[in-house]
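# Coordinate analysis (summary)
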2 protein chains.
Amino acid sequence: MDTPRRRGRPGHDLDAVLAAAVRLFNTRGYDATSMFDVAEALGITKSTLYHHVSGKEQLLSMAVDRAVDGLFEAAAHVQDLQGPATVRLQKLVESSVLVLAERLEFVTLLLRVRGNTQVEQHALARRREFDTLATELVKQAQAEGGIRADVDPATAARLLFGMVNSLVEWYRPERGHPEALAATVVRLAFDGLRTIAVTGDQATQEEH
Amino acid sequence: MDTPRRRGRPGHDLDAVLAAAVRLFNTRGYDATSMFDVAEALGITKSTLYHHVSGKEQLLSMAVDRAVDGLFEAAAHVQDLQGPATVRLQKLVESSVLVLAERLEFVTLLLRVRGNTQVEQHALARRREFDTLATELVKQAQAEGGIRADVDPATAARLLFGMVNSLVEWYRPERGHPEALAATVVRLAFDGLRTIAVTGDQATQEEH
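Where an unreviewed UniProt entry is consulted, chain A appears under the name TetR family transcriptional regulator, with the organism given as Actinoplanes cyaneus.

If you want it as C-alpha cells, here you go:
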C-alpha cells in the first residue's frame, strides 16, 4: 500500500508482474496461462517481460514463495514467543489469517498447487512442514493442559488451518477488517460457538 | 457399500462409470478429460460409454448432484427436527462431515467447480443456497441464545463449513471413522479447543 514506488516504468516492476501472473494463474490455471498472456495483461511485450523473469516457472516459484514465506515468518515469530503453547498456537492462527488476507491471491495459488513440477513439489513440502509445526504446537498445548486432550493433535491442526485456509474461497477485503476476522476465527476455534448458557441437557435433548 | 450389485456387465454400471469419471475429473481436471479417457479407464469402448450417458457434461452433472443431493438431504433432515437451532446446526455439521467422508470424490469435484458451464453455474447456485440455509440456522441459534452473539452469522457459517469442506484436502478413510471425525469437528467448533482450566489471565498473558 504505502511502499515507495520502485524505479522504472510504472506498472512494470516485479510486484506488478507477479500480481498479474498470479491473477491469471488463479483464474485460467497455470497450465493454460502463457508468458504472452502475462505480458498482454501488463500491456508490455514478451521481451520486456523476460527482462524481469526467466520464465513461467520462475513466476510460479516467486508467487508461491510470497505465500509460504508469509506463513513461515508468522511461524518463526510465534516460535520466538515465550509463554504457553496454547497462546502461541492462538497467535499462529491469528497471524495466518492476517497473512491470508494480505496475500490472498498468492495463498489461493499455493493452496491449488498439485505437485506436477519441481516448484509445486517444493511448495507442497513446505506446506507439510507447516502442518507438522502446527501439529507439534497442538501437542505441546495439550501436554500443558491448555488444549483439550480428547482431540487428535494432527486432526485438530488440520481442522484449524483448514478453517483458516477456507478464507481464500470467500474472504474479500470489503468484507471487513482482517483483525476482526482473525478474532472471530480464534473465538470459534478456541472458545467455541456455543454460549456457556446452553446446558448439557439442552445441547443433547434432541439427540437420538 | 452393501448396495446390491446392479444388472449388466460387472464394472460397467452407472456407479462405476461415475466413479471413474469423477476420479479423472479430480486428477486431470474436467477440461482435460475426454469421454475416451473415461471409457479407457473403465476398459470399455466409447460407444458402450455413450450407452450409459449422453456426454461429458451429463457425467459432471450427475457427479456434482451426488454431492449436492447428499448435503441437501442432510439439511432437509435437520430442518425436520424439533428443538433448539443450536442442536440442529450441530447436527448439520455432523451430517455434512459424514456426507463428505462417504462421497469424498464427489464433494471434492463440487468444491472445485468454478462456474464455466451451465452445470457448474447450477452447482454454485446450490452451494450458495446451502450457505444461506446454514447462515439462517446460525442466526436462529443466536436469537435463541445458544450461539455466541459476538460473531457475524454469515462469517461463522462460512468458517464452520470451510472447516468441514477442508476434509476433502486430507481426509482418507484409513485415517479413522467418519463418526469420530464428526465428533471432533463439533467439539472444536461448538465447545472450542481450549480447556476450561486455562484462565483468562493465562490466555492473554503473552499478548502485546
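## Topic: the UniProt feature "DNA-binding region" (unreviewed entry) in chain A
Under the feature "DNA-binding region" (unreviewed entry), the UniProt entry names residues 34-53 of chain A. End-to-end, the C-alpha atoms of residues 34-53 of chain A are 13 Å apart, and along that stretch the chain is 75% helix and 0% strand.

## Side note on the nonpolar core
Membership of the largest hydrophobic core comes to 141 residues, with the highest contact counts inside it found for Leu49 and Leu59 of chain A together with Leu49 and Leu59 of chain B. With twelve residues, helix α4 (residues 56-80) of chain A is the largest single contributor of residues to this core. With sequence-adjacent residues up to four places away left out, Leu49 of chain B is seen in contact with Val17, Met35, Val38, Ala39, Leu42 and Ile44 of chain B.

## As for the side chain of Arg88 of chain B
All names here are of chain B. Assignment of secondary structure puts Arg88 in helix α5 (residues 85-102). The side chain of Arg88 is buried and forms no salt bridge, while Glu144, the nearest opposite charge, is found at 4.3 Å. At 3.4 Å, the side chain of Arg88 and the side chain of Gln140 are in polar contact.

## Comments concerning the relation of the copies chain B and chain A
When chain B is brought onto chain A, the operation consists of a screw motion whose angular component is 180° and whose axial shift is 0.0 Å, with 0.0 Å RMSD remaining. The transformation relating the two chain copies, once decomposed into turn and shift, fits a two-fold axis. In this assembly, 100% of the residues forming the interface of chain B have copies in chain A that are likewise at the interface, indicating an isologous arrangement.

## A word on the interface of chain B and chain A
Contacts between chain B and chain A engage 48 residues on the former and 48 residues on the latter. For the salt bridge of Arg187 of chain A with Asp150 of chain B, the shortest nitrogen-to-oxygen distance reads 3.6 Å. Remark: the boundary between chain B and chain A carries 20 residue pairs in polar contact (both at pLDDT 80 or more). Within the residue set of the side of chain B that touches chain A, elements represented by two or more residues are α5, α8 (153-165), α9 (167-170), α10 (178-191) and α11 (200-204) of chain B.

Conventions used here
Numbers given for residues are sequential positions, taken from 1 along each chain in its written order. Note on labels: chains are lettered from A, ligands numbered from 1, in written order. Since the coordinates come from a predicted model, pLDDT governs what is reported: local features require at least 70, and pairs of side-chain atoms require 80 or more to be given and counted, while whole-chain, interface and lining totals use all residues. Side-chain figures throughout are based on the complete set of non-hydrogen atoms in the structure, without hydrogens or water. UniProt positions are given in the numbering used here, feature names are shortened, and annotations may be inferred rather than shown by experiment. Labels follow the DSSP assignment, with helices taken as runs of H or I lasting at least four residues and strands as runs of E lasting at least two, numbered in each case from the N terminus. Buried Ala, Val, Leu, Ile, Met, Phe, Trp, Tyr and Cys residues form a nonpolar core when they are joined through side-chain atoms within 4.5 Å. The buried label goes to any residue with under 20% of its type's maximum accessible area, the exposed label to any with over 50%, and the partly exposed label to all in between, with areas taken from a 1.4 Å probe on protein chains only. Any two residues whose heavy atoms approach within 4.5 Å are treated as being in contact. In this charge count, Lys and Arg are treated as positive and Asp and Glu as negative; neither His nor the chain ends contribute. Put simply, a salt bridge is a Lys or Arg side-chain nitrogen that is within 4 Å of an Asp or Glu carboxyl oxygen. Polar contacts here mean pairs of N or O atoms no more than 3.5 Å apart (in protein, one a potential hydrogen donor and the other a potential acceptor; neighbouring residues in sequence count only if both atoms are side-chain atoms). Copy-to-copy alignment: least squares on C-alpha atoms, limited to residues at pLDDT 70 or above in both.

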